[in-house]
Amino acid sequence: MKKLLSVLLAAVMMLSTFTACGGGSAETETESGEKVLFIGGSGPLTGDYATYGTSVKNGATLAMEEINAKGGTNGYTLKVVVEDDQADPQQAVQAYATLMDDGMDVSLGGTTSGACIAITEEVKKDGLLMLTPSGSQLECTQYDNCFRVCFEDSNQGLYAADFIKDNNVGTKVAILYEKSNDYSNGLKESFVAQSAVNGLEIVCEEAFTDQSNTDFSVQLQAVKNSGADLLFLPLYAQEAAYVITQAASMELNVTFFGCDGLDGILEKIGEENKALTNGVMLLTPFAADSATEPTASFTKAYTAKYGATPDQFAADAYDAVYAIVAAFEKAGVEPETEGFNEAMVKAMTEIEVVGTTGTMTWTPEGEPDKNATAVVIKDGAYVAFQ
Amino acid sequence: MNFLSNLISGLSLGSIYALIALGYTMVYGIAKMLNFAHGDIIMVGAFAAIVFINNLGLPMILGVLLSVVVCVAVGVLVEKIAYKPLRNAPPLSVLITAIGVSYFLQSLAQLIFGTNQKAFPKFIQVAPVHIGELTIKGESIVTLAVTVTIMVVLTLFINKTRMGKAMRAVSEDRQAAELMGISVNRTITITFAIGSALASVAGSFYGLTYSFIGPYTGSMPGIKAFVAAVFGGIGSIPGAMLGGILLGIIENLAKAYISTELSDAIVFGVLILVLLVKPTGLLGKKINEKV
Amino acid sequence: MKSFFNKFSGLKKSARSNMITLALCLAAFGFVTAMVATGNASRHMKSLLVPICINIILTVSLNLVIGFLGELSLGHAGFMSVGAYAACLFSIAFEETLPVMVRFPLAMLIGGIAGGLFGLLVGIPVLRLKGDYLAIVTLAFGEILRSIIINLEFTGGASGLKGMPQDSTFNWGFIAVVITLFVVMNLVDSRHGRAIMAIRENAIAASAVGININRYKLMVFTVAAFFAGVAGALYGHNYSIMTAGTFDYNKSIEILVMVVLGGMGNIRGSIISAVLITVLPEMLRGLADYRMLIYAVVLIAMMLLGTSEKFMMLRYRLAPKRLIKRALQERQNRKDEKEARKYG
């Protein structure tokens, strides 16, 4: 009897879960008479990488609110949803499926590269436009309808190596990178490759993994012994904050040099450690305290709304939403009609967007054409490099 | 000289592991449960200290002390709600509940404090010590001293006081202890209170050493400390100390002389080897099998 | 039909239970396939089907170690990763030369064998270790594997393995589930299964009656790891990218949660809890930021409700079984009264 009951219970549960899942059929565009352009994406909103996904969600939401406040686009109200994927390809695909059930028109892909690559496969089948804010691995734009806002990893390492060589920022270079992170690894590899080409001397290569990403005493000791005068940090701001504070307590005197991931370091390192960032250099398309528009007003609005300075991820997502809207206006085709996806993809290569991460146009391969600028941190503020 | 400085940084890392492992091993020894949420109690303690110091503007030392109170409250509450009803349940159910508590604390911290890591105030400022070319960080010396003191006090407490005796009795044989008039529930609650207080201290020193605290900061040190506790023989207080210190030193020497990428694989490899030779850890009691 | 029921009720109790489990799976499969075929299934639901199969295989196989052998293993994700990488590398190599119908079963087999080999490797220290010490060693093995995968070139390193054909379908997953269930149920029901359970109950007594403990422990570890490898193969071929980070100790813990929730040594329970734990976080998507918080609360609540003595008593008092019994009893009483009146 008890067994029968448990089986019955299980069957009811399974049935209810499935029908609950199956119940949410695609929403129509004209919900309560309002025409909606639905942009969906995913990112890690919980778990170890939650900070990246949350930034993307915040940035995209802010863009949506601004656009809707101005009356939407082409008579359409914007709807942006960023689902949680915990940086996991499996959950990213499930999040994507949920969004498709809800009637997504354009995808923001994934926040992290792995999740984003898994989504590209789905997007390829469905044909809709995908514009990832921050999927930086090469394969994130492997199909014709996939685009990105950020730089591709290998480009950044190359720019950085050339920049250091050309401007003579450092002569003996040490590298500290995260082996278990694709962004960090990709940047490091292209940096090393380009150094071999342009003759930049690398005296020390140190690594760490996500299993021990808080203690860098040994690596920094090795950097110190190598006599390097510049430490290249292809890292995200949080890890870099650990490195910079620990380097200070070890009395290591080098110039820190990073790429776009390093942006946000001023916020991450905290008020009391801010002095340590003096002289940190970064090559980034986005600088939160830039005085130029639209960056200045974006930073202001973002800080007011979320109580935090926007980072690279937030800026990329903000630009992604504006770019999609620009493409939508250019394409001039109604969502969910024949040829909408094709028109959107075509429009992506024709638009020019003045965003927070620079003025961008897109190549048919899905890469943004924009410039990174070098900035130096002086007294807790970004100053253009001279 | 290099070797010495790596050794010393390993000692400093190891003393953090040891500090966390002390709480782990104590709860395990007496309540016979793997408190997977221990690492997250560390995070709770560190965040409490940040709130007291940065948001309420209390003096730093007072803030750190108050964070101990918060942690004890959280620890005891968790024990009452989640673990106590499972006192006679299979150990694995308790383990899963502890994992649930761990997820709960992490998500709650993320909802309250956001996803960004927060800078931890430097509540103790000690100048680095220079011996010849060697530089030893001030915080490392303090951490090591605190860890050793706690270990000694804890050992004395368990071996010399009435409460300690009760704890040992509960650890040895719960039913027999009950028959001798010891309140098992009370003893275990006190164990959790002490364990959480230790976690809070560990949290503050973790924050002091590494400067940043986030909602998920506790999980990796928690696992490492678990490894350290098993390494030294889980349930043994000197064992946790030894295991933690050795783990830190091995990790750093592996990073320095073998490979920074594979240092954790090496640490785990050494752990496996040690356990193969000594199946109950370095200082663990030998389990006698009874028929 | 009647003779079937006679035969059915004449079977051993465990065999009967196994048949019910398989029949339920088949019914669920039929139901879901019909839903998909008639277009009643959402994309979201369809995206969950293969993960559900993967988790059922993982849970049932880990239950063999935890529930039947009584040893705690925290390295199941490690075996899964070995199987996944082996199978995917095979598929990438033979994508052009072999048709799917041949390639994918072979890939699953290779994944299984690779997982099984590592299971054997890890099984050897198992012979010496017990309880939490064993748990930590299996956890260590899993983390070592992850470190090594990240550092190897041919596994794609940190950026992950890409370019495998996406061969995993619900049908393949279901076939793998049925095979897993069939093997595990038969193993458990056999002489070997009884020996394994004897070791769980009392290892010394078991060895005293001539059971070769080492052999059986190795056998269980290898079989469980084999199926973890198969599940890994299914996982690897379901997405276009696979990173080592997926297979960390959190994944092992997730599988452990499913096993404990379903009940130790309860295969049907394992299947149900695998489905539940896969679907639950997805169902909670609507809660947005509170998703993982609620998930944690549900997890704790399920453990408390399932195993706490107090709640068990409460549940017993409220159990519908008793209500039904009481209703039946009352009806019987009334009947008796009537009869009594009639003859009285």
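Please read all numbers here as calculations on a predicted model, not as lab measurements.

Caption draft 1: Summary view of the overall build of chain B. Helix and strand content of chain B: eleven helices and four strands. If one aligns the C-alpha atoms of chain B with their principal axes, the spans along those axes are about 60 × 50 × 35 Å. By residue count, 58% of the 291 residues in chain B fall in the buried class. Contacts spanning at least 24 positions in sequence make up 75% of the contacts within chain B whose residues lie at least 6 apart.

Caption draft 2: Structural detail: the overall build of chain C. Helix and strand content of chain C: 15 helices and two strands. Out of the 344 residues belonging to chain C, those deemed buried represent 52%. Taking the intrachain contacts of chain C between residues at least 6 apart in sequence as the baseline, contacts between residues at least 24 apart amount to 80%.

Caption draft 3: Structural detail: helix H1 (residues 2–31) of chain B. Residue and element names in this part refer to chain B. With 30 residues, H1 extends 43 Å from end C-alpha to end C-alpha; this agrees with the ideal 44 Å at 1.5 Å per step. At alanine 21, H1 shows its largest bend, some 25°. By the criterion of burial, H1 is predominantly enclosed, with 25 of the 30 residues buried. Lysine 32 sits one or two positions beyond H1 and adopts a positive phi of about 55°.

Caption draft 4: Highlighting the confidence of the model for chain C. Model confidence for chain C is summarised by a mean pLDDT of 86, while 90% of its residues fall at 70 or above. The least confident element of chain C, judged by mean pLDDT, is helix H14 (residues 309–318) of chain C at 62; the most confident is helix H4 (residues 76–93) of chain C at 95.

Caption draft 5: Summary view of the sheet that holds strand E7 (residues 172–178) of chain A. Residue and element names in this part refer to chain A. Within the open sheet, the seven strands sit side by side as E8-E7-E9-E10-E11-E15-E16. Their pairing is mixed. Only two strands of the sheet have a single neighbouring strand rather than two, namely strand E8 (201–208) and strand E16 (381–384). The average angle at which neighbouring strand axes cross in this sheet is 25°, direction not considered. Where E7 meets E8, seven bridges bridge the pair, whose relative direction is parallel. The residue of E8 that forms the bridge with alanine 174 is cysteine 204. Sheet strands touched by helix H7 (residues 217–226): E7, E8 and strand E9 (230–233). Its angle to E8, the strand with the most contacts, is close to 170°.

Caption draft 6: Focus on the interface of chain B and chain C. Each partner contributes residues to the interface: chain B has 38 residues there, and chain C has 35 residues. Among the elements of the structure, helix H4 (91–113), helix H9 (219–232) and helix H11 (263–277) of chain B are those that each provide at least two residues to the side of chain B that touches chain C. In terms of residues, the side of chain B that touches chain C owes the most to one element, H4(B), which gives twelve residues. In terms of residue class, the side of chain B that touches chain C is built from 28 nonpolar, seven polar and three charged.

Caption draft 7: Structural detail: the packing of H4(B) against helix H11 (residues 249–262) of chain C. Between H4(B) and H11(C), the shortest axis-to-axis distance is 10 Å and the interhelical angle comes to 130°. Looking at the two axes, H4(B) sits oblique to H11(C). At the point where H4(B) passes H11(C), the crossing takes the left-handed sense. Where H4(B) approaches H11(C), its residues B:Leu92, B:Ser93, B:Ile96 and B:Ile99 are matched on the opposing element by C:Ile253, C:Val257 and C:Val260. Broken down by class, the residue content of the contact of H4(B) with H11(C) amounts to six nonpolar, one polar and no charged.

Caption draft 8: Region of the structure containing helix H5 (residues 138–160) of chain B. For H5(B), spanning 23 residues, the distance from its first C-alpha to its last is 33 Å, which sits close to the expected 33 Å at 1.5 Å a residue. The elements touched by buried residues of H5(B) are H1, strand E3 (134–136), helix H6 (162–172), helix H8 (184–210) and helix H10 (237–257) of chain B.

Caption draft 9: Seen up close, the interface of chain C and chain A. Contact residues are listed per partner, giving 40 residues for chain C and 41 residues for chain A. When residues of the side of chain C that touches chain A are traced back to their parent elements, those giving at least two are helix H2 (13–37), helix H3 (43–69), helix H6 (131–151), helix H12 (267–283) and helix H13 (291–307) of chain C. With seven residues, the single largest contributor to the side of chain C that touches chain A is H3(C). Across the side of chain C that touches chain A, the residue classes break down as 17 nonpolar, 14 polar and nine charged.

Caption draft 10: Broad picture of the pairing of E7(A). All names here are of chain A. Burial runs high along E7: six of the seven residues are buried. As defined by bridge partners, E7 adjoins E9 across three bridges and the pair is classed as parallel. Looking at E9, one finds that isoleucine 175 is bridged to phenylalanine 232.

Caption draft 11: Summary view of the nonpolar core. Within the largest apolar cluster, 331 residues are counted, with the highest numbers of intra-cluster contacts made by A:Ala60, A:Leu231, A:Val321, B:Leu22, C:Cys53 and C:Ile57. Each of domain 1 (30–150 + 294–369) and domain 2 (153–284) of chain A gives at least three residues to this core. Those residues in contact with A:Ala60 that sit more than four places away from it in its chain are A:Gly41, A:Val80, A:Val82, A:Leu108, A:Ala317, A:Tyr318, A:Ala320 and A:Val321.

Caption draft 12: Looking closely at the sheet that holds strand E14 (residues 368–369) of chain A. Residues and elements named next belong to chain A. Judged by pairing direction, the sheet is antiparallel, and its three strands sit side by side in the order E12-E13-E14 without closing on themselves. Two strands lie at the open edges of the sheet, namely strand E12 (353–355) and E14, each paired on one side alone. Taken together, the two bridges between strand E13 (residues 358–362) and E14 define a ladder with antiparallel strand orientation. Paired with threonine 361 across the two strands is aspartate 369, which belongs to E14.

Caption draft 13: Spatial organisation of the pairing of E16(A). Residues and elements named next belong to chain A. One ladder, built from four bridges, connects strand E15 (residues 373–378) with E16; its direction is antiparallel. Residue pairing in the sheet places lysine 378 in a bridge with alanine 381 of E16. Counted between consecutive antiparallel strands, the loop separating E15 from E16 contains two residues, among which aspartate 379 sits at a positive phi close to 50°.

Caption draft 14: Fine view of the environment of C:Ile56. All names here are of chain C. With respect to the secondary-structure elements, isoleucine 56 resides in helix H3. A C-alpha to C-alpha distance of 8.9 Å links isoleucine 56 and methionine 258, two positions 202 residues apart in sequence. Excluding its chain neighbours within four sequence positions, the residues that come into contact with isoleucine 56 are Val177, Ile271 and Ala274.

Conventions used here
Residues numbered from 1 in each chain as written. Chains lettered and ligands numbered in written order. Predicted model: local features only at pLDDT ≥ 70, side-chain atom pairs only at ≥ 80, totals over all residues. Helix = DSSP H or I, 4+ residues; strand = E, 2+ residues; numbered from the N terminus. Buried ≥ 20, exposed ≤ 12 C-beta atoms within 10 Å, placed from the backbone. Contact = placed C-beta atoms within 7 Å. Expected span 1.5 Å × (residues − 1). Bend = angle between axes of the 7 residues up to and from the residue. pLDDT = per-residue confidence, 0-100. Pairing = 2+ DSSP bridges. Axes fitted to C-alpha atoms, helices over the stretch in contact; angles between N-to-C directions. Nonpolar A, V, L, I, M, F, W, Y, C, P; charged D, E, K, R; others polar. Parallel < 35°, antiparallel > 145°, perpendicular 65-115°, else oblique. Left-handed = near helix turned anticlockwise from the far one by under 90°. Core = buried A, V, L, I, M, F, W, Y, C linked by C-beta atoms within 7 Å. Domains from an automatic or database assignment.

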